[in-house]
Amino acid sequence: MDIIANFIDGQYQVPINQQYLDNIEPATGKVYGQTPDSDNQDLALAISAAKQALPVWQKMDLEQRADVLIAIADEIEHRSEELALAEARDNGKAVSLARNIDIPRAASNFKFFAHACSQFASEAHAMAGSAINYTLRPPVGIVGCISPWNLPLYLFTWKIAPALAAGNCVIAKPSEVTPKTAALLGEICQKVGLPPGVLNILHGSGAKIGQAICQHPQVKAISFTGGTATGAAIAQLLAPKFKKLSLELGGKNPALIFADCDFDNTVEQVFRASFANQGQICLCASRLYIERSIYDKFKQALVKKAIALTPSDPLKAECQMGAIVSKPHLDKVLSYIDSAKSQGGKILTGGQQVKLNGRCQQGYFLQPTIIENLPNSARCNQEEIFGPVITLQPFDTDQEALALANDSQYGLAATVWTNHLARAHDMAESLNTGIVWVNCWLLRDLRTPFGGMNHSGLGREGGLEAMRFFTESKNVCVKY
Ligand code: TXE
């Protein structure tokens, strides 16, 4: 049994209440570990450690701070195989995906923000002949970073790295569904000599320790990624406390596929955008709008690929599609497929749970599922499913495609597939999403603003946006 501990003040510590949550391996459906169900008592220890560490970390020479973050990145790379296997086991994702995407990206997050330490500058505003204003950007202080289960170490470090780079001390909480790689990050911090208390990792449920972190008066900012309903609850809780808040929430991302696209490449990329990580990425395409003249051909090409993509044991190198993260989540995704059937949807392929043999007999596997014939108002076109389920709809004109795409409460990411330059720019300008990819998906430059509009969130992560979020700006006006 793999028993995880909290990481507080540079040491692993058991939860004071001695309470644990089961950690289940999605590919087997079996409990394989225990995660602390931490509460306010553990948080008090973490806050006290962070308070002590804050002056040390804030005053550390920038080059030295950057060196520590680079050392964390190097150690993640050094332990990448172990981390990839841990991620695949904990989350159910294919180990090849963890090896090629999740773990390298976690290292990149630290490297990128290590450089930001020395590149982050502030402004001066001269008032000719009378005064000079300059802006100071001190760290916020102690900040909370709360992350979800779909890209565990990748998103955990995407928040922690800029928070540390800006000079904050961090209380971080990974998802209780996928705690393992976050727990290993503590060992890495110990090994490279991150001063104790600078990063504290508390495990447990959102309702208990997640909420406690948000509410603690010493925690001055919260960076959260997760479901829209949770984001709304946190926003409500924090509004009267005037804390800084960054919310990266759900999506219902449209893909607009025009007849003039590069057909084969678009099929390939749209398929990946739909089913990567079993569709459990907030950026995955889930509503496909296809120009009518290529609708049937495109549909057939997608269905053929979906039939060939069969789920298998995530720990095997050849696995291309792993397990759904948990039983409740599998049930939720299946309930959307049922709702599609009841609303007149036609299941073109998939729609069923898959039973594997051997050690994965009880695992949570689902066939890639493609549905057509649903109106845009159907639940499957309006609500975030967060699984390997996509819908197809034909369109006739650019205006119709745009109207369908924008008919959503979400606004995270859209993809546009066309070789018509003016159309691509028109669409990019008119789509109500925080991110638009043209003829690509998940091509990431860490300097760019990252986040969504409307129910997809508040604020932006990435590059300078993240550094600004984790600092306060203070103007100093000097008259001469
Ligand atoms: O997310 P939650 P869940 C979507 C997806 C999924 C749904 C729910 O549709 O089906 O959200 O997933 C912590 N105060 N996304 O249940 O509950 C929680 O412990 C403070 C989209 O996993 O939002 C975890 O660490 N914290 C998403 C984190 O919040 C709280 C990725 C996310 O959990 C809390 C994941 C509270 N009251 C799911 N309640 C994306 N956009 O990437 C929970 N938490």
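Residues numbered from 1 in each chain as written. Predicted model: local features only at pLDDT ≥ 70, side-chain atom pairs only at ≥ 80, totals over all residues. Heavy atoms only, no water.

Would you explain the pairing of strand β18 (residues 369-372) in this entry?
Across a regular strand the side chains alternate sides, sitting on one face of the sheet and then on the other. Here β18 shows two buried faces, one formed by Thr-369 and Ile-371 and the other by Ile-370 and Glu-372. Relative to β18, strand β15 (residues 346-349) runs antiparallel, the two sharing three bridges. Each residue of the ladder has a partner; that of Lys-346, found in β18, is Glu-372. Two strands pair when backbone bridges link them, and β18 and strand β19 (residues 389-395) are joined in this way by four bridges, in the parallel orientation. Considered in β19, the bridge of Ile-371 is made with Thr-391. (Buried < 20%, exposed > 50% of the residue type's maximum accessible area, 1.4 Å probe, protein only. Helix = DSSP H or I, 4+ residues; strand = E, 2+ residues; numbered from the N terminus. Pairing = 2+ DSSP bridges.)

Whenever I open this one, the site of the ligand confuses me. Can you help?
In the region of the ligand, 26 residues are neighbours, and Trp-149, Glu-176, Thr-230, Lys-332 and Glu-384 sit closest. In this structure, an oxygen atom belonging to the ligand sits 2.6 Å away from a side-chain N or O atom of Glu-176. In isolation the ligand offers 810 Å² of accessible surface; the protein chains occlude 85% of this area. Where the shell around the ligand is concerned, the elements lending two or more residues are α7 (206-215), β11 (219-225), α8 (228-238) and α11 (327-342). With four residues, the single largest contributor to the shell around the ligand is α7. Here the shell around the ligand is built from residues that sort into 10 nonpolar, 12 polar and four charged. Shared between two domains, the shell around the ligand takes at least three residues from each, and those domains are domain 1 (2-249 + 455-479) and domain 2 (253-446). (Near = heavy atom within 4 Å. Polar contact = N/O pair within 3.5 Å; in protein donor to acceptor, adjacent residues only side chain to side chain. Areas by Shrake-Rupley, 256 points an atom, 1.4 Å probe, with all protein chains shown as cover. Nonpolar A, V, L, I, M, F, W, Y, C, P; charged D, E, K, R; others polar. Domains from an automatic or database assignment.)

It is not clear to me how the packing of aromatic side chains should be interpreted in this structure. Could you clarify?
Remark: the centre distance and the inter-plane angle together describe each pair of aromatic rings, the angle taken between the planes. Under the definition given, this model contains nine aromatic pairs. Note on Phe-469 and Phe-470: the rings are 4.9 Å apart at their centroids and 80° apart in plane angle, and the pair reads as edge-to-face. Just as Phe-469 is buried, Phe-470 falls in that class too. What links up through ring pairs into an aromatic cluster is the set Phe-112, Phe-113, Trp-158 and Phe-450. Positioned above the aromatic ring of Trp-57, the side-chain terminus of Arg-65 is 5.8 Å from the ring centre. Against the face of Phe-271 rests Lys-305, its NZ or CZ located 5.3 Å from the ring centre. (Phe/Tyr/Trp six-rings, centres within 6.5 Å; stacked < 30°, edge-to-face > 60°. Lys NZ or Arg CZ within 6 Å of the ring centre and 35° of its normal.)

Please clarify how the nonpolar core should be interpreted in this entry.
As a rule of thumb, soluble globular proteins bury nonpolar side chains together. Counting 119 residues, the largest nonpolar core has Ile-76, Phe-110, Ile-160, Leu-185, Ile-257, Leu-283 and Leu-288 as its most contacted members. Residues in contact with Ile-257, not counting those within four places in the same chain, are Thr-266, Val-270, Leu-288, Tyr-289, Ile-290, Glu-291, Ile-294, Phe-298, Phe-395 and Trp-417. Counting 15 residues, the second-largest nonpolar core is a separate cluster that includes Leu-330, Leu-334, Leu-374 and Cys-380. (Core = buried A, V, L, I, M, F, W, Y, C linked by side-chain atoms within 4.5 Å. Contact = heavy atoms within 4.5 Å.)

Help me understand the sheet that holds strand β4 (residues 20-25), please; the structure alone is not making it clear to me.
With respect to topology, three strands assemble into an open sheet ordered β1-β5-β4, the strand pairing being mixed. On the outer flanks of this sheet lie β1 (2-3) and β4, each paired with one strand and no other. For β4 and strand β5 (residues 30-36), the ladder comprises six bridges, and the chain directions are antiparallel. Opposite Glu-25, over in β5, you have Lys-30 as the bridge partner.

Quick question: what am I supposed to make of the sheet that holds β18 here?
Remark on secondary structure: sheet strands pair via backbone hydrogen bonds, oriented parallel or antiparallel. As summarised here, the arrangement of the seven strands in space is β15-β18-β19-β14-β13-β20-β21, forming an open sheet in which the pairing is mixed. Each edge of the open sheet is held by one strand with a lone partner, namely β15 and β21 (435-438). For this sheet the average axis-to-axis angle between neighbouring strands, irrespective of direction, equals 25°. Alignment of strand β13 (residues 253-257) against strand β20 (residues 413-417), held across three bridges, turns out to be parallel. Residue pairing in the sheet places Ala-255 in a bridge with Thr-415 of β20. Strands β13, β14 (285-291) and β19 of the sheet are contacted by helix α13 (residues 398-406), whose axis makes an angle of about 150° with β19. (Axes fitted to C-alpha atoms, helices over the stretch in contact; angles between N-to-C directions.)

Would you mind going over helix α3 (residues 80-91) with me for this structure?
In an α-helix, one turn spans 3.6 residues; hence positions three or four apart end up facing the same way. Helix length check: α3, at 12 residues, gives a terminal C-alpha distance of 16 Å against a target of 16 Å (1.5 Å per residue), a fit within 8%. Those residues of α3 hidden inside the fold are in contact with β4, β5, α2 (62-78), α4 (95-119), α5 (152-165) and α6 (180-192). One or two steps after α3, the chain reaches Gly-92, where phi turns positive at roughly 90°. (Expected span 1.5 Å × (residues − 1).)

Sorry, what's going on with the domain arrangement of the protein here?
Many authors give the size of an interface as the accessible area that is lost as the parts come together. The assigned domain composition of the protein is domain 1 (2-249 + 455-479) and domain 2 (253-446). The gap between the C-alpha centroids of domain 1 and domain 2 is 30 Å. Contacts between the two partners involve 35 residues from domain 1 and, on the opposite side, 30 residues from domain 2. When domain 1 packs against domain 2, close to 2600 Å² is buried across both sides, 58% of that on carbon and sulfur atoms. Here Arg-359 makes a salt bridge to Glu-25, at a shortest N to O gap of 2.9 Å. Applying the counting criterion to the domain 1 and domain 2 interface returns 12 residue pairs in polar contact (both at pLDDT 80 or more). Of all the secondary-structure elements, those providing two or more residues to the side of domain 1 that touches domain 2 are β4, α3 and α4. Considered class by class, the residues forming the side of domain 1 that touches domain 2 number 14 nonpolar, 14 polar and seven charged. (Buried area = accessible area lost by both parts, 1.4 Å probe. Salt bridge = Lys/Arg side-chain N within 4 Å of Asp/Glu carboxyl O.)

For this particular structure, what's the right way to read the state of the cysteines?
As used here, a disulfide is simply a covalent bond connecting the sulfur atoms of two cysteines. The tally for this structure, following the rule as stated, stands at zero disulfides. Unpaired in terms of disulfides, Cys-117 finds its nearest cysteine sulfur in Cys-169, a separation of 13 Å. By relative accessible area, which is 4% here, Cys-117 ends up buried. (Disulfide = S-S within 2.5 Å.)

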